[in-house]
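Structural overview for review
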Amino acid sequence: MDKRKLTQQTLKRMMDLGADKASIRLSASDTQEFNVVYRELNLLRSISTQSMGLSVIKDQKSASVNVNQLDDQTINGAIDELFQSIETADADPAYDISPHQPPSVFEKGTLKPDVDLVCDRLVEYARQCKKDYPSVQFDATMSHHKQHVLFANSNGVDLEENLGYYDFMSMFSAKDGNKMSSFNFTTFSAADLDKPVMDMNFTGELIRQITEQTSTRPIAENFTGDVIFMPFGFMEFLFEIVGNHIGNGVMMKTSRFPDHLGQKILDDKLTLRIMPCSPEMCSESRITTDGYIAEDATIIDHGILRHYLLNLFAANKTGKQRTVGSGNGFVIDPGTTPWRDMIASVKRGILCPRVSQGSPNPNGDFSAVLKNSYYIEDGRIAYPISETMMSGNVIEMFNQMIDLSAETINTGWMKAPFIKIEDLFISKK
Amino acid sequence: MDSLRLKELLPAGSDYLELKVQQNRSRQLGFLNGTLNFNSKSASSGIMARSFQNGVWGLTSSPDISDDSMRRTIKRAIANAQTLHQRARKAEVMLPSNSASGEYLFFTKKNAASTQERIEYLREIDNYIKDKYPDLSTRIVNSSVLEMEKHIITSDGAEIRSMTPRTIMYVMMVCLHEGTPLQHYDVFGGFGQWEDNFADPSDLYEKIDLVYQQLMDKKEAVFAHAGTFDCVLDSRLAGILSHEAIGHTTEADFVINGSIAGEYLGQEVASPLVTLIDVAHTWDDQLCPVPVFIDDEGVLAEDCVVIEDGILRRYMHNKESAQLMGHALTGNARAYTYTDEPLIRMRNTMIVPGKSKLDEMIASIEDGYYLIEPSNGQADSTSEFMFGVTLGYEIKNGKLGKAIKETTISGVAFDLLKTITMISDDIYWSCAGMCGKKQMIPVGMGGPAIKCRVNIGGK
C-alpha cells in the first residue's frame, strides 16, 4: 500500500477507536555500507529498515508503540495494544501533540548516491593511510544513508522528508615495534564526497598525530593551565550543558539554570545555535521528534540563554513555553584565531583532541583522562602525554573560554571550532 | 526455516553463508514523580543473509521475512560479496568451523504478569519512595525489558533458536542540597523476563533504602585527593574493569589491529591471584546474565580463559579472526539487530573469586578509597582505562570514612592487575551491562571485589 495512504488510514483508525489525539511516524531507510577491516576491504552491507511509531492520547493518558512490520495484522495488533495500554496509564495534563502546521515536504542531501564513489573514496582513504602512515592500523566504514519519513497527527500535521547523506567512520592506532599508541577515531556525515575524506575534518591531522603517540610520557608535575580542545574533544562537554542544564535536566530538576531565560549563564564568547535547516547539517531532520517543523535558532547568544531545549512534553511539564524543541544540528560560532596560533599563546597547557570521562555530576564537577593529547610549553607542543587527567567543573569551563579558532569541523550533526579554556587542573598519575 | 531449505538456496561458489531471522522486543514503563510518563512498546524484526566468498563478506538485510524476500536477500548478499571481490581481489580463504545446533528459549515458566500488574508494581515502588523519603525533588522508577529472539542457520550445518531476555528496573533519586542537585541511582533485575525478576515490591525495599542512604551520604561528600592510592574496587567496578580494560584488548579484532595484548600472549600480565574468564553461559552452576550456548556464526560457545593465574592465555574470536591468527574458535560472535553482522563480543566477563573477605580488604588499607559504583567506562587498545565513579568512600586506618564526590579512576589495566593483592570470595553480576562496539549489545560483567592501586582524579 502507498505509504502516505497507510499513514492516513492508520491515523483515522486510531481516532475512530476513541483517541482524543493521535500521531504517527513512518520511516524507511536504505543504507549501502562498505567496510575496511584490518586495513583491507572486507564487507559490503545493504541494509533496509522500516518503522512505524504510533502514539495515542485519550483522557490525557498516553501510550506509544513501535513496530517494523507493516501488514494489517501487525498494525491492528499494535493499535489494540495501544488502547489496552492507555487503560492502565496515568493522566497527565502535559501530554499533547503538535498543532496544525502547513503540510510540507522537505528534501535534503544526496538522494541518488554514486555507490561506486562511496567505495572509491574508502579505498582511496585506505591506500593513502597505508602509503603515508604505514605504522597505522585502522578499520573504516563509508556508507550512503537514505531516509524517508512521514509524520502525521490528528491536528492535521502532514510532514514528509527525504534525507540522503554519506557517513564516514574510522578508528585507528599506530604501532612502532612493540610500542603502540592509544586509538583515536573520527566520524562524520557529509552531503557529498567531493573531497577525499583524509582532507575533511582534520582526519589527516588526527592520523598524523597518532603516529607520534607511540612514544608518550606523563607530565612532570601537576599544574593548572590552559587546555585547547579540538572539536571532537569538546563535544561531550557541550552535550552535558545541553542535556543536563538547558534541556531535559530542567524537567528532571538537575539544571543549574532552571529559570534563567534572557540571563547571561555562560561565557560571552559562546554563541550556540541549532541549524537543522542548514544544508551543512546534512544528517539532521527537518521534522522534530515531537512533530514540529524544525527551525534554526540561536540558543545561547554571547553567553545569554535565549531558548530552553525542551520538547512539547517537557515544556508542558515544566510550565515553560516550547519554542524550538529539544534541538538538533548544533553549531558553535567560530572565532578568528588560527588554531595553531592558539597554541603559540599558551605558556603551559594541553592540546586535547579527545577526552575519556565519567558523567559529570549535576553540579558540573568532572574529571577526565586526556586522550591523544599533547603537553604545551612556551607556545610549542612539547610531547604527547599519557596517564594524565583533567578535573574541573563543566559550567565553570564554559565561563572560562579564552578563544575560539577560525577553523571548524562539521560532522553533519554539529559544527564547532577549537576552544581554549583556562585554569583547568591537570594531574599526573 | 530449516537447514535443508537453506542448503537448497545456497548456490555454488559461496564459501560460507548464514541466514538469520531475528526479532528484538522491548517494553518501557516508567514513573516520573508518581506519574506513568513512559509507556511504550517496540518490536523490530527482519532477516539477514551474510555470504563469505574469496575472503570478503556480503551482507543484506530486510524487514520483509517472506520466502521471496529470503531468496532475494540471499541472492543479494552473495552478489555483494562478488561485487566486493571485484574490488578487493583477495585469495580464497576457508573459515574454520565448530558448528553446533540447539534451542535455548528462556521464556518464563511463571504465570505472565499483565501490563496492569507491572504498572502497579512500579507504582508501589514509587509510592514507597515518596512516602518514606518526601525530601526528594525527583523520583524516577523505570522498567525496561529487552527480548532478543533469533533463528540462525549456517551453511556449515549449525542451527540455533534462542530467546534471551533481560528485565531491569532503574531507580533514581534527586535531592537538593544547599541549592545544588545531588542524584544517585541503582539498577535491579537482570537475566530473564519480568516474572523471573520482579515478584513482590517489598523484596526491593532494602535495596531502595540503601540508594537513599547513599544519596544522603553524598551530601557530606568530599573531593577525593588526586593521585594513586590503595583501593578496594567493589565487584561492580571490578566487573567493568574486566570488560572494558582487559576484555576489549583481548578481543582478537583489537589484537589484530594492534592492541597491547598482542604482545603479551603467554606472558605474566597480572598478579598470580588473577584468573579472568569470559564465561559463555554458566558459572558455578548458575546461568550468567547473558548466556550464549552457540554464537551467531553457529559456533559452539566455550568459556575463554583469558588470564590464568596471571598469565595471558587466550583471545576471543569469531571465525575470521580465528582463521587469521590460526587459533581455536571460542564462540564470541554476536550481533544486536537483524541488520547487523556478528562482531567479536564478550559474553560474561569476570575475575574468578579469591579467598579474602571484603571487610578484611577494607581493614588492610591505611589511607585509600573503597570505590563502589561505576557510571560509564572506556578503555583503550593500550589497556589505558577510565571509569566514572558515582559512589565511593574514603578509607582511613582500615575504616570507611566520608563519601567522595563523583570522580574518575584511570590507569593501565595490565599494570593495575599486577598490583592486585587481595580478591574477595564473593561474586556479583551487573544486571544492565551494554557494550557499544559499533553495535550495542547486552553483556555480563561481574566478579569479586579486588584490592589494588588506582589513579584517582580529584582535587
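What you see is a predicted model; the values in this text were computed from it and never measured. (Residues numbered from 1 in each chain as written. Chains lettered and ligands numbered in written order. Predicted model: local features only at pLDDT ≥ 70, side-chain atom pairs only at ≥ 80, totals over all residues.)

Looking at the overall build of chain B
- Broken down by element type, chain B carries 10 helices and 26 strands.
- Expressed as lengths along the three principal axes of its C-alpha atoms, the size of chain B is roughly 70 × 55 × 40 Å.
- In chain B, which comprises 459 residues, the share counted as buried stands at 55%.
- Sequence-distant contacts, at least 24 apart, represent 73% of the contacts inside chain B between residues at least 6 apart. (Helix = DSSP H or I, 4+ residues; strand = E, 2+ residues; numbered from the N terminus. Buried ≥ 20, exposed ≤ 12 C-beta atoms within 10 Å, placed from the backbone. Contact = placed C-beta atoms within 7 Å.)

Digging into the overall build of chain A
- Looking only at helices and strands, chain A has nine helices and 21 strands in total.
- Taking 2.2 N^0.38 as the reference for a compact globule, 429 residues should give roughly 22 Å; the C-alpha atoms of chain A span a radius of gyration of 24 Å, in line with that estimate.
- At a minimum sequence separation of 6, the contacts of chain A that also span at least 24 residues come to 70%. (Rg over C-alpha atoms; globule rule 2.2 N^0.38 Å.)

Considerations on helix H2 (residues 67–88) of chain B
Residue and element names in this part refer to chain B.
- Compared with an ideal rise of 1.5 Å per residue, which puts 22 residues at 32 Å, H2 spans 31 Å between its outermost C-alpha atoms and is within 8% of the ideal.
- Taken as a whole, H2 has its buried residues at Met-70, Thr-73, Ile-74, Arg-76, Ala-77, Ile-78, Asn-80, Ala-81 and Leu-84.
- Just past H2, the residue Arg-89 takes up positive phi, approximately 50°. (Expected span 1.5 Å × (residues − 1).)

Comments concerning the domain arrangement of chain A
Residue and element names in this part refer to chain A.
- In terms of domains, chain A is made up of domain 1 (3–212) and domain 2 (217–429).
- Breaking the side of domain 1 that touches domain 2 down by element, the ones donating at least two residues are strand E4 (104–109), strand E5 (136–153), strand E6 (158–176), strand E8 (184–190) and helix H4 (203–212).
- Class assignment of the residues belonging to the side of domain 1 that touches domain 2 gives a composition of 16 nonpolar, 11 polar and four charged. (Domains from an automatic or database assignment. Nonpolar A, V, L, I, M, F, W, Y, C, P; charged D, E, K, R; others polar.)

As for the sheet that holds strand E25 (residues 444–447) of chain B
Residues and elements named next belong to chain B.
- In spatial order, the strands read E13-E12-E9-E16-E25-E22; together these six strands make up an open sheet with mixed pairing. Every other strand in the sheet has two partners, leaving strand E13 (311–312) and strand E22 (428–430) as the edge strands with one partner each.
- Where E22 meets E25, three bridges bridge the pair, whose relative direction is antiparallel. Of the residues in E25, the one forming a bridge with Trp-429 is Gly-446.
- The sheet strands contacting helix H6 (residues 235–247) are strand E9 (276–279), strand E12 (304–308), strand E16 (348–351), E22 and E25, and the helix crosses E25 at an angle near 120°. (Pairing = 2+ DSSP bridges. Axes fitted to C-alpha atoms, helices over the stretch in contact; angles between N-to-C directions.)

Side note on the environment of A:Asn178
- As for its placement among the helices and strands, A:Asn178 is situated in the loop between E6 and strand E7 (179–180).
- Note: C-alpha distance between A:Asn178 and A:Trp413 (235 residues apart in sequence) is 38 Å.

Things to note about the pairing of strand E1 (residues 16–32) of chain B
Residue and element names in this part refer to chain B.
- By the bridge criterion, 17 bridges tie E1 to strand E2 (residues 35–53) in an arrangement that is antiparallel. Bridge pairing links Gln-22 to Gly-46 in E2.
- Between E1 and E2, which pair antiparallel and follow one another directly, the connecting turn spans two residues, one of which, Asn-33, has a positive phi of 50°.
- The pairing of E1 with strand E5 (residues 138–154) spans 15 bridges and is classified as antiparallel. Residue pairing across strands places Phe-31 opposite Val-141, the latter belonging to E5.

Structural notes on the nonpolar core
- Counting 251 residues, the largest nonpolar core has B:Leu233, B:Tyr369 and B:Ala413 as the members making the most contacts within it.
- Non-local contacts of B:Ala413, meaning those with residues more than four positions away in its chain, are made with B:Leu241, B:Ala245, B:Ile246, B:Ala379, B:Ser383 and B:Phe385. (Core = buried A, V, L, I, M, F, W, Y, C linked by C-beta atoms within 7 Å.)

Topic: the domain arrangement of chain B
Residue and element names in this part refer to chain B.
- Examined at the domain level, chain B breaks down into domain 1 (3–219) and domain 2 (227–457).
- Look at where the C-alpha atoms of domain 1 and domain 2 centre, and you get two points 22 Å apart.
- Contacts between domain 1 and domain 2 engage 38 residues on the former and 26 residues on the latter.
- Counting residues per element, the ones that place at least two in the side of domain 1 that touches domain 2 are E1, E2, strand E3 (56–62), strand E4 (101–105), E5, strand E6 (159–177), strand E7 (180–191) and helix H5 (205–219).

Brief notes about the interface of chain B and chain A
- Contacts between chain B and chain A engage 65 residues on the former and 57 residues on the latter.
- In terms of residues, the side of chain B that touches chain A owes the most to one element, E2(B), which gives 11 residues.
- Of the residues assigned to the side of chain B that touches chain A, the class counts are 19 nonpolar, 36 polar and 10 charged.
- Relative to E2(B), strand E3 (residues 61–67) of chain A runs parallel, the two being bridged by four bridges. Bridging across to E2(B), A:Val67 finds its partner in B:Ala43.

A short note on the environment of A:Ala126
- Mapped onto the secondary structure, A:Ala126 falls in helix H3 (residues 115–132).
- Once residues lying within four places of it in the same chain are set aside, the contact partners of A:Ala126 are A:Val36, A:Arg39 and A:Ala140.

Here's the deal with the confidence of the model for chain B
- The pLDDT averaged across chain B works out to 93; a share of 97% of its residues lies at or above 70.
- Across the interface, the model reports ipTM at 0.93; the global pTM reads 0.94. (pLDDT = per-residue confidence, 0-100.)

Looking at H5(B)
Residue and element names in this part refer to chain B.
- If you check H5, its first and last C-alpha atoms are 22 Å apart, about what 15 residues at 1.5 Å a residue would give, namely 21 Å.
- When H5 is considered as a whole, its buried residues turn out to be Ile-208, Val-211, Leu-215 and Lys-218. Down the axis of H5, the smallest arc covering the buried residues is 70°, so these residues share one side. Every exposed residue of H5 that faces more than 90 degrees away from the buried side is listed here: Glu-206, Leu-210 and Gln-213.
- Those residues of H5 that are buried are in contact with helix H3 (115–132), E6, E7 and strand E19 (399–403). (Arc of directions from axis to C-beta.)

Here's the deal with the pairing of strand E21 (residues 414–428) of chain A
Residue and element names in this part refer to chain A.
- Burial within E21 is extensive, with 11 of its 15 residues counted as buried.
- Sheet topology note: the strand E9 (residues 223–229)/E21 ladder contains six bridges and is antiparallel. Across the sheet, residue Thr-224 finds its bridge partner in E21, namely Phe-425.
- As paired elements, strand E13 (residues 330–332) and E21 share two bridges and run parallel to each other. Residue Val-331 lies in a different strand from E21, and its bridge partner there is Lys-415.
- Pairing of strand E20 (residues 401–410) with E21, which is carried by six bridges, proceeds in the antiparallel orientation. Bridge pairing in E21 links Ile-409 to Ala-416.

Considering the environment of B:Glu124
- As for its position among the elements, B:Glu124 is in helix H3.
- Put simply, B:Glu124 and B:Gly326 are 202 residues apart on the chain and 56 Å apart in space, counted from C-alpha to C-alpha.

Details of unusual backbone geometry
- Even without glycine at this site, A:Asp59 takes up a positive phi of about 50°.
- Assignment of secondary structure puts A:Asp59 in the loop between strand E2 (40–58) and E3.
- Residue classification places A:Asp59 among the exposed positions, given that 12 C-beta atoms sit within 10 Å.
- Although it is not a glycine, B:Arg89 adopts a positive phi angle of roughly 50°.
- Here B:Arg89 is to be found in the loop between H2 and E4.

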